[in-house]
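Residue strings, one per chain:
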Amino acid sequence: MINVMIVEDQKMIRSILEGYIDKAAGFLLAASVEGAEQAYEICEAKKIHLILMDVQTAHRENGLLAVKKIKKLYPDIRIVVVTSLVDAGILEQAKSSGADSLWYKDTDEAMLMQVITRTMAGEHVFPDTPPVVEIGTAKSTEFTKTEMRVLRCLVKGMTYPQIAEKLNVEVVTVKYHVTNMLEKTNLKNKLQLAVAVSDAKFVVDLAGDNDVI
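Just so we're clear, the structure is a prediction, and the values are computed from it rather than from any experiment.

Caption draft 1: Highlighting the side chain of Ser97. Relative to the helices and strands, Ser97 resides in helix H4 (residues 88-97). Looking at Ser97, its side chain comes within polar contact range of the main-chain oxygen of Ala94, at 2.8 Å. Those residues in contact with Ser97 that lie beyond four places of it in its chain are Leu64, Val67 and Lys68.

Shown next as structure tokens:
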């Protein structure tokens, strides 16, 4: 029997995932919690074989940092990152954190169970690219890597000078990239741009996510 722990802060999604595991042959729901910090305690107290780990958990706890810590302490536990965030940086961070696989929540139950089964068989299952979303009149695939870095800073609420310092460029360069993105999206200003990419979960502000930038 494979003991499974679910770490998901959204009650409805957590309930859905619990249902998937409950009816899957050979799997036992050993724990279901809303926060990454709780996951550490459960790993100490129970024998866990598989974790379904959300990226953003309760109290702004970063699920990817939890993956890294749990893998260091319990390397035999298989971890599937589950997320609705389409930020390409999340995909790369999931891999570097030591996660075994990643599943986007917009796919169906059959796909999740396939990912879980393959993961437990020793495979690493990661999509080639995140899903494509629309930002204003632009598609997420239209943004360059540099524009993505600027967007991540905007979502954090950073000013132009702060972004310039963070990315080691001139302020005029930051403004140039923002202007280009506004033209692509037909949005009016950087605030609208930051809100749009946040709503689409295209870029995110995770606690302790410096590696994304």
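Caption draft 2: Molecular detail of the sheet that holds strand S3 (residues 50-54). The strand order S2-S1-S3-S6-S7 describes an open sheet built from 5 strands, whose pairing is parallel. Every other strand in the sheet has two partners, leaving strand S2 (27-33) and strand S7 (101-104) as the edge strands with one partner each. Going across the sheet, the axis of each strand differs from the next one's by a mean of 20°, ignoring polarity. Here 4 bridges tie strand S1 (residues 2-7) to S3, and the two strands are oriented parallel to one another. When the sheet's bridge partners are listed, Ile6 is paired in S3 with Leu52. Helix-sheet contacts for helix H2 (residues 36-45) involve S1, S2 and S3, and the interaxial angle to S1 is about 155°.

Caption draft 3: Layout of helix H7 (residues 160-167). Taken together, the buried positions of H7 are Tyr160, Ile163, Ala164 and Leu167. Taken end-on, H7 shows its buried residues confined to a sector of 100°, consistent with a single buried face. Among the exposed residues of H7, those oriented more than 90 degrees off its buried face are Pro161 and Glu165. Structurally, H7 contributes buried residues whose contacts are with helix H6 (145-155), helix H8 (171-185) and helix H9 (190-199). Just downstream of H7 lies Asn168, where phi reads positive at about 60°.

Caption draft 4: Seen up close, the pattern of salt bridges. Under the definition given, this model contains 8 salt bridges. Between Asp87 and Arg152 there is a salt bridge; the shortest N-O distance is 2.7 Å. Taken as a pair, Asp87 in the loop between strand S6 (78-83) and H4 and Arg152 in helix H6 lie far apart in primary sequence, 65 residues in all. Residue Asp87 is classed as buried on the basis of its relative accessible area, which comes to 0%. Judged by its relative accessible area of 6%, Arg152 is buried. Between Lys184 and Glu147 there is a salt bridge whose closest N-O contact spans 2.7 Å. Within this pair, whereas Lys184 is found in helix H8, its partner Glu147 is found in helix H6, the two being separated by 37 residues in sequence. Overall, the relative accessible area of 25% leaves Lys184 in the partly exposed class.

Caption draft 5: Broad picture of helix H1 (residues 11-22). Between its terminal C-alpha atoms H1 stretches 16 Å, which fits the 16 Å expected from 12 residues at 1.5 Å a residue. Listed as buried for H1 are Arg14, Leu17, Tyr20 and Ile21. Looking straight down H1, one finds that the buried residues subtend no more than 115° of arc, so they occupy a single side. Counted as exposed and oriented over 90 degrees from the buried face of H1: Lys11, Met12 and Asp22. Packed against the buried residues of H1 are S1, S2, S3, S7 and helix H5 (109-120).

About the criteria used
- Residues numbered from 1 in each chain as written.
- Predicted model: local features only at pLDDT ≥ 70, side-chain atom pairs only at ≥ 80, totals over all residues.
- Heavy atoms only, no water.
- Helix = DSSP H or I, 4+ residues; strand = E, 2+ residues; numbered from the N terminus.
- Polar contact = N/O pair within 3.5 Å; in protein donor to acceptor, adjacent residues only side chain to side chain.
- Contact = heavy atoms within 4.5 Å.
- Pairing = 2+ DSSP bridges.
- Axes fitted to C-alpha atoms, helices over the stretch in contact; angles between N-to-C directions.
- Buried < 20%, exposed > 50% of the residue type's maximum accessible area, 1.4 Å probe, protein only.
- Arc of directions from axis to C-beta.
- Salt bridge = Lys/Arg side-chain N within 4 Å of Asp/Glu carboxyl O.
- Expected span 1.5 Å × (residues − 1).

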